[in-house]
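Single-letter residue listing:
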Amino acid sequence: MQTVKMVVTGPFNAGKTAFIQSVSEIDVVSTERKISSAEERIKETTTVAMDFGRITVDEDLVLYLFGTPGQKRFDFMWEILSEGMLGFIVIIDSSRPETFREAKSILETFRAYAPTPYVVAANKQDISDAWEVDDLRIALRIDRNIKFLPCVASDKESVKAVLLELLYSILEEMKEKEEIDK
Amino acid sequence: MALKGNLRDFSVTQLLNLINLARKTGTLTIEGPTEAAWVSFQDGKLIYAQVGNEDGTLTGILLRGGLISGRQARAIKTHASDKDDKSLGLLLINAGYLVQQDILASIRQYFRDIIYKLFTWGEGFFRFDAGVLPPEGRITIRLNLENIIIEGSRRMREWERLRDEVPNLDMALDFVERPGANIRDVNLNVEEWKVVSYVNPKNTITQIAKANVMSELEIRRVVYGLLQAGLVEIVRPDGMPLPAQVKQIKPIDIEQKESLVNRLIQRIRSL
Ligand SMILES: Nc1nc2c(ncn2[C@@H]2O[C@H](COP(=O)(O)OP(=O)(O)OP(=O)(O)O)[C@@H](O)[C@H]2O)c(=O)[nH]1
Ligand SMILES: [Mg+2]
């Protein structure tokens, strides 16, 4: 039996847990806690360790989706999480510009830990305040070669599309490597 | 009563505030993360500061402040080694090499910079020895602490932000590839050019700082600016070992991995 993992990361409250929940066959093994600090009390619960979702592919293969904790003081877990992952997804709350800078910094950190393919999901596109993907790409200075996809984390189809794009990127990267090796 | 503890519990800002308000006289010793510092006060005013192995003699300070050249500094060291700072200062003034104002400004700047550095120390043992003053012969000044505290706090906030933005100085930098963009078209200042000339996945940020004799704060500030401008990006330095498991995953031969990814794709499509 083989297991592979992908990591879902992004700032506090971006929608990481919702994203994983949409496609996981098990209830997200969540480590949600009531929020203690006033500054972050814009929502009831937050993820304190990591989210954990599962998609069984066949008898021999299971995909795990790990969500990083959103609050800064859990940075130390990122390195552990990034080990051995196939790729990662950065979730952005498109409606809260105050989190863009942090999103970018999380992206940089992860990319530095693990040179795997990644995609960026502009989440909460159903909210009227949401920035458009093209604007977000400029605001966050995301390279044109990186896939940047609109997303609504509670919508399964939308989450599937993001996961598929990541898998396509992984395939593409493998093909490129093969070319180089030849 | 001994005034000692750890900066974790009582910060540099709080210490300076206390010394200022209580008009204390004595020397504060702090053992920071990598070096120690000694700062002396008289009646709550900063009069003297020294840090680590830095050459805190007048010659060292003037050299740092650009008032004398390296050659001149060496000449002073060999020919006037018997003179203490006060006599040396007088000598330089009387000989017409320097004016008193410049010497004092340079010392003030040097002491201030040391204190600003202390603000970035989040941890370290401190001890205040009442009544202890700097060695005889050293030049002292009198600086109000209020302004230093305000400026220091401002820098501390900047420092905290920069530390968040550029968390790991063991990483390297690389130029962002942007078609049509040319680094020569960008207006960079001297410091930025210095850093840019070392940008290469082979050099860690720490190494770049060393090569340019920049402090952590200075290098972070420049790197932050370059990142913000979208000119460079942070990359894993060449040769830095990957986390253990990434290495383990690598040996999977590519065909096997391709089949694995294709199976994942099929499955997710069918969800
Ligand atoms: N409208 C809308 N709301 C969303 C979307 N995704 C998530 N939310 C809401 O945003 C809030 C945060 O979602 P979570 O999934 O808990 O976010 P998280 O990133 O796991 O948060 P932390 O673990 O605390 O960092 C919740 O109230 C979600 O219901 C979306 O696409 N659209
Ligand atoms: Mg969560």
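What you see is a predicted model, and the numbers here were worked out from it, not measured in a lab.

Rules behind the numbers
- Residues numbered from 1 in each chain as written.
- Chains lettered and ligands numbered in written order.
- Predicted model: local features only at pLDDT ≥ 70, side-chain atom pairs only at ≥ 80, totals over all residues.
- Heavy atoms only, no water.
- Helix = DSSP H or I, 4+ residues; strand = E, 2+ residues; numbered from the N terminus.
- Polar contact = N/O pair within 3.5 Å; in protein donor to acceptor, adjacent residues only side chain to side chain.
- Contact = heavy atoms within 4.5 Å.
- Buried < 20%, exposed > 50% of the residue type's maximum accessible area, 1.4 Å probe, protein only.
- Pairing = 2+ DSSP bridges.
- Right-handed = clockwise from strand over helix to strand, strands pointing away.
- Axes fitted to C-alpha atoms, helices over the stretch in contact; angles between N-to-C directions.
- Parallel < 35°, antiparallel > 145°, perpendicular 65-115°, else oblique.
- Left-handed = near helix turned anticlockwise from the far one by under 90°.
- Nonpolar A, V, L, I, M, F, W, Y, C, P; charged D, E, K, R; others polar.
- Salt bridge = Lys/Arg side-chain N within 4 Å of Asp/Glu carboxyl O.
- Buried area = accessible area lost by both parts, 1.4 Å probe.
- Core = buried A, V, L, I, M, F, W, Y, C linked by side-chain atoms within 4.5 Å.

Colleague: How do you make sense of the side chain of S40 of chain B when you look at a structure like this?
Modeller: All names here are of chain B. The residue S40 is located in strand β3 (residues 36-42) in this model. Side-chain polar atoms of S40 contact the side chain of T27, separated by 2.9 Å. Not counting residues up to four positions away in its chain, the partners in contact with S40 are G26, T27, K45, L46, I47, Y48 and P134.

Colleague: Would you mind showing me how to read the pairing of strand β6 (residues 85-93) of chain A here?
Modeller: On any regular strand, side chains alternate: one points to one face of the sheet, the next to the other face. Residue and element names in this part refer to chain A. Among the nine residues that make up β6, nine are buried, leaving the element largely enclosed by the rest of the structure. Here five bridges tie strand β1 (residues 2-9) to β6, and the two strands are oriented parallel to one another. Note that in β6 the partner of M6 across the bridge is G87. Note that β6 and strand β7 (residues 118-123) share six bridges and pair parallel. By the bridge assignment, D93 is partnered in β7 with N123. Chirality of the crossover, the property in question, places the unit of β6, helix α3 (residues 100-113) and β7 among those that are right-handed.

Colleague: Help me understand the packing of helix α6 (residues 145-165) of chain B against helix α9 (residues 216-228) of chain B in this model?
Modeller: Between two packed helices, the angle of one axis relative to the other and the distance separating the axes together describe the packing. All names here are of chain B. Two numbers describe how α6 lies on α9: the axes approach to 10 Å, and their chain directions differ by 60 degrees. In terms of axis orientation, α6 runs oblique to α9. Considering the relative orientation of α6 and α9, their crossing is left-handed. Contact residues: E158, W159, R161, L162, R163 and E165 in α6; E216, L217, R220, R221, Y224 and Q228 in α9. Among the residues making up the contact of α6 with α9, the classes are represented as four nonpolar, one polar and seven charged.

Colleague: Before we go on, may I ask you to explain the pattern of salt bridges in this structure?
Modeller: Once the charged atoms of two side chains with opposite charge are near each other, the side chains can pair. For the structure shown, the criterion picks out 22 salt bridges over all chains. Across the pair E108 of chain A and K104 of chain A runs a salt bridge whose closest N-O atoms are separated by 3.6 Å. Of this pair, E108 of chain A and K104 of chain A both sit in helix α3, four residues apart, roughly one helical turn. The residues E108 of chain A and K104 of chain A share a single accessibility class, namely buried. The salt bridge partner of R220 of chain B is E216 of chain B, with a shortest N-O separation of 2.7 Å. On the criterion of helical spacing, the pair formed by R220 of chain B and E216 of chain B is a turn pair, its members being four residues apart in helix α9. Under the relative-accessibility criterion, R220 of chain B is labelled buried at 4%. One salt-bridge network, held together by shared partners, links K104, E108 and R111 of chain A together with E233 of chain B.

Colleague: Mind showing me how you'd approach the interface of chain A and chain B here?
Modeller: A common way to report how large an interface is uses the accessible area buried once the components associate. Tallying the contact residues gives 42 residues for chain A and 34 residues for chain B. Both faces combined, the contact of chain A with chain B buries some 3,400 Å², and carbon together with sulfur accounts for 61% of it. Taken as a group, R101, R141 and M174 of chain A account for 15% of the area that chain A buries against chain B, more than any other trio of residues on that side. The interface formed by chain A and chain B contains three salt bridges. Note that D58 of chain A and R263 of chain B form a salt bridge whose closest N and O atoms lie 3.0 Å from each other. Where chain A meets chain B, there are 11 residue pairs in polar contact (both at pLDDT 80 or more). For the side of chain A that touches chain B, the secondary-structure elements that each account for two or more residues are β1, β4 (51-58), β5 (61-67), α2 (76-82), α3 and α5 (156-181) of chain A. The biggest single contributor to the side of chain A that touches chain B is α5 of chain A, with 13 residues. Looking at side-chain class alone, the side of chain A that touches chain B contains 18 nonpolar, six polar and 18 charged residues.

Colleague: What am I meant to see in the nonpolar core here?
Modeller: Buried together is how nonpolar side chains tend to be arranged in soluble globular proteins. Of all hydrophobic cores here, the largest spans 43 residues; its most connected members are F41, L46 and F111 of chain B. F19, V28, L65 and I91 of chain A belong to the second-largest nonpolar core, a separate cluster that totals 35 residues.

The quantities given are spatial measurements derived from coordinates; they are silent on function.
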